[in-house]
Amino acid sequence: MSASETRDEGRAALAAGIGCYTLWGFLPLYFHLLSNLGVGSWEMIAHRTLWSVLWAGGLVLIARQGGQVARVLREPKTLGVLALSTLAIFGNWTIYVFAVNAGHVIEASLGYYINPLMNMAAGALLFRERMTTEGKVAIGFAAVGVAIQTIALGHLPIVSLGLALTFCVYAILRKQVKADAQTGLFIECAYLALPGLIYVLSLQASGQGHFGTGAGVTALLALAGPATVVPLALFAWSARRLPLSAVGFLQFIAPTLQFALGVAFGEPFTPLRALSFVFIWLGVATFAYGAWKKTRVLAPG
């Protein structure tokens, strides 16, 4: 590949990375819009599981990974791990949708700020990955931020910790699966599709479902598929082509946008909660610096 082609691919990967995290950052707007149209959280989640399997299957076809899917289906152990990762990601989706619709977008954003730091701690504890000084300092800042957030809320930030923990568990489980992201996502969506379909059909049969009640709400419900799968596809494509430092910075775009949306929605943001985010952002900055420093060390001279 020529130097100019390498630069072009690098720019495309950066654009894809920014695109995926921006889409994730604005996801609360999508759920707010559905909520304003009368759609309940469980109905949103059911449609998300139902339409995602079609788009995930499309990605498998585009990537020509049908053979890999067939191989995974013949491996009971892999299917078992993917069943557990399905439960983890379903828990993450459920917490997130209910949090957004209950007006806890700021608390949800905190979860995605601390998730990379929790992943780093899990890597050190479970996989004996070496933790840098910057990593330890970042986790320390985050712990102080969570403690202050607990005081500000009057209780543990359950939403934040739940989102960070479920996604951390998901990442740990997916680390054990010897299959590409598209294949794993398709299997996970397939596990969820049948319960999702049963729930949607029961709502429609009882007259409580919103699918088909209007062009706008029907289109938005169907959009749950690409809203879930497209950002993940952009992430998978860009992550393989971007340096660790770039991914380290980009992954904080989504919670920053979510945080801004929460403030714009008028959610309570006291000085004490602001102080908690100062420590979280200090942790984020330290983490990002550590990722950049590591890349600089690994880069050829």
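This text goes with the structure placed above it.
What counts as what
- Residues numbered from 1 in each chain as written.
- Predicted model: local features only at pLDDT ≥ 70, side-chain atom pairs only at ≥ 80, totals over all residues.
- Heavy atoms only, no water.
- Buried < 20%, exposed > 50% of the residue type's maximum accessible area, 1.4 Å probe, protein only.
- Helix = DSSP H or I, 4+ residues; strand = E, 2+ residues; numbered from the N terminus.
- Arc of directions from axis to C-beta.
- Contact = heavy atoms within 4.5 Å.
- Salt bridge = Lys/Arg side-chain N within 4 Å of Asp/Glu carboxyl O.
- Core = buried A, V, L, I, M, F, W, Y, C linked by side-chain atoms within 4.5 Å.
- Phe/Tyr/Trp six-rings, centres within 6.5 Å; stacked < 30°, edge-to-face > 60°.
- Patch = residues over 30% accessible without salt bridge, like charges linked within 9 Å, V, L, I, M, F, W, Y side chains within 5 Å.
- Areas by Shrake-Rupley, 256 points an atom, 1.4 Å probe, with all protein chains shown as cover.
- Axes fitted to C-alpha atoms, helices over the stretch in contact; angles between N-to-C directions.
- Parallel < 35°, antiparallel > 145°, perpendicular 65-115°, else oblique.
- Left-handed = near helix turned anticlockwise from the far one by under 90°.
- Nonpolar A, V, L, I, M, F, W, Y, C, P; charged D, E, K, R; others polar.

## A word on helix α10 (residues 215-222)
Turn by turn, an α-helix covers 3.6 residues, leaving residues three or four places apart pointing in a common direction.
Here comes step 1: Within α10, burial applies to Val217, Thr218, Leu220 and Leu221. Down the axis, α10 shows its buried residues gathered within 165 degrees of arc, on one side only.
Here comes step 2: Looking at the buried side of α10, the elements it contacts are α2 (27-36), α3 (41-62) and α11 (224-239).

## Describing the pattern of salt bridges
Here comes step 1: Enumeration according to the criterion identifies two salt bridges in this entry.
Here comes step 2: The partner of Glu75 in a salt bridge is Arg71, with the nearest N and O atoms 3.0 Å apart.
Here comes step 3: Glu75 sits in the partly exposed class, given a relative accessible area of 26%.
Here comes step 4: The exposure class of Arg71 is partly exposed, given its relative accessible area of 28%.
Here comes step 5: Between Arg174 and Glu188 there is a salt bridge, and its shortest N-O distance comes to 3.1 Å. One end of the pair, Arg174, is in helix α8 (residues 158-175); the other, Glu188, is in helix α9 (residues 181-205), and 14 residues separate them in sequence.

## Points about the nonpolar core
Here comes step 1: Grouped together as the largest cluster of nonpolar side chains are 21 residues, with contacts concentrated most on Tyr30, Phe31, Leu34 and Tyr96.
Here comes step 2: When residues of this core are traced back to their parent elements, those giving at least two are α2, α3, α5 (76-101), α6 (105-126), α8, α10 and α11.
Here comes step 3: If we skip the residues at most four places from it in the chain, Leu34 touches Val39, Met44, Val217, Leu220 and Leu221.
Here comes step 4: Formed by 16 residues, the second largest nonpolar core is a distinct cluster that contains Tyr113, Met120, Phe277 and Ile280.

## A short note on the packing of aromatic side chains
Here comes step 1: Counted under the stated rule, the structure contains 21 aromatic pairs.
Here comes step 2: Ring geometry for Trp51 versus Phe211: centroids 5.8 Å apart, planes at 35 degrees, classification tilted. Here Trp51, found in helix α3, pairs with Phe211, found in the loop between α9 and α10; they are 160 residues apart in sequence, far enough to count as distant.
Here comes step 3: With a relative accessible area of 22%, Trp51 lands in the partly exposed category.
Here comes step 4: Geometrically, the ring pair formed by Phe167 and Tyr170 is tilted, given 5.7 Å between the ring centres and 40 degrees between the ring planes.

## Points about the environment of Ala260
Here comes step 1: Take Ala260: it is sitting in helix α13 (residues 253-264).
Here comes step 2: You can call Ala260 partly exposed: its relative accessible area is 42%.
Here comes step 3: Placed 191 residues apart in sequence, Ala260 and Val69 show a C-alpha to C-alpha distance of 39 Å.

## Looking at a nonpolar patch on the surface
Here comes step 1: A cluster of nonpolar side chains, namely Ile151, Leu272, Leu275, Val278, Trp281 and Leu282, defines an oily patch on the protein surface of about 500 Å² accessible area.
Here comes step 2: As for its position among the elements, Val278 is in helix α14 (residues 271-298).

## Some remarks on the packing of α5 against α8
Here comes step 1: For the pair α5 and α8, the least separation of the axes is 9 Å and the interaxial angle reads 160 degrees. With respect to each other, α5 and α8 are oriented roughly antiparallel. Once α5 is placed against α8, the crossing between them reads as left-handed. In this structure, α5 uses Val81, Leu82, Leu84, Ser85, Ala88, Ile89, Gly91, Asn92, Ile95, Tyr96 and Ala99 to contact α8, whose residues at the interface are Val159, Gly162, Leu163, Thr166, Phe167, Val169, Tyr170, Leu173 and Arg174.
Here comes step 2: For the contact of α5 with α8, the per-class residue count stands at 14 nonpolar, five polar and one charged.

## A few points about the environment of Ala124
Here comes step 1: Looking at the element boundaries, Ala124 is found in helix α6.
Here comes step 2: Along the chain, Ala124 and Trp24 lie 100 residues apart, while their C-alpha atoms are 27 Å from each other.

## Regarding the packing of α6 against α8
Here comes step 1: Put simply, α6 and α8 touch, their axes get as near as 7 Å, and they point 40 degrees apart. Between α6 and α8, the interaxial angle falls into the category oblique. As for how α6 packs across α8, the hand of that crossing is right-handed. Contact residues: α6 offers Glu107, Ala108, Leu110, Gly111, Tyr112, Ile114, Asn115, Met118, Asn119, Ala122 and Leu126, while α8 offers Ile158, Val159, Ser160, Leu161, Leu163, Ala164, Leu165, Phe167, Cys168, Ala171 and Ile172.
Here comes step 2: Looking at the contact of α6 with α8, its residues break down into 17 nonpolar, four polar and one charged.

## Comments concerning the side chain of Gln182
Here comes step 1: Tracing the backbone shows Gln182 in helix α9.
Here comes step 2: Setting aside anything within four residues of it in sequence, one finds Gln182 in contact with Leu59, Val60, Ala63 and Gln65.

## Thoughts on the side chain of Ser109
Here comes step 1: Relative to the elements of secondary structure, Ser109 occurs in helix α6.
Here comes step 2: Setting aside chain neighbours within four positions, we find Ser109 in contact with Pro255, Gln258, Phe259 and Phe277.

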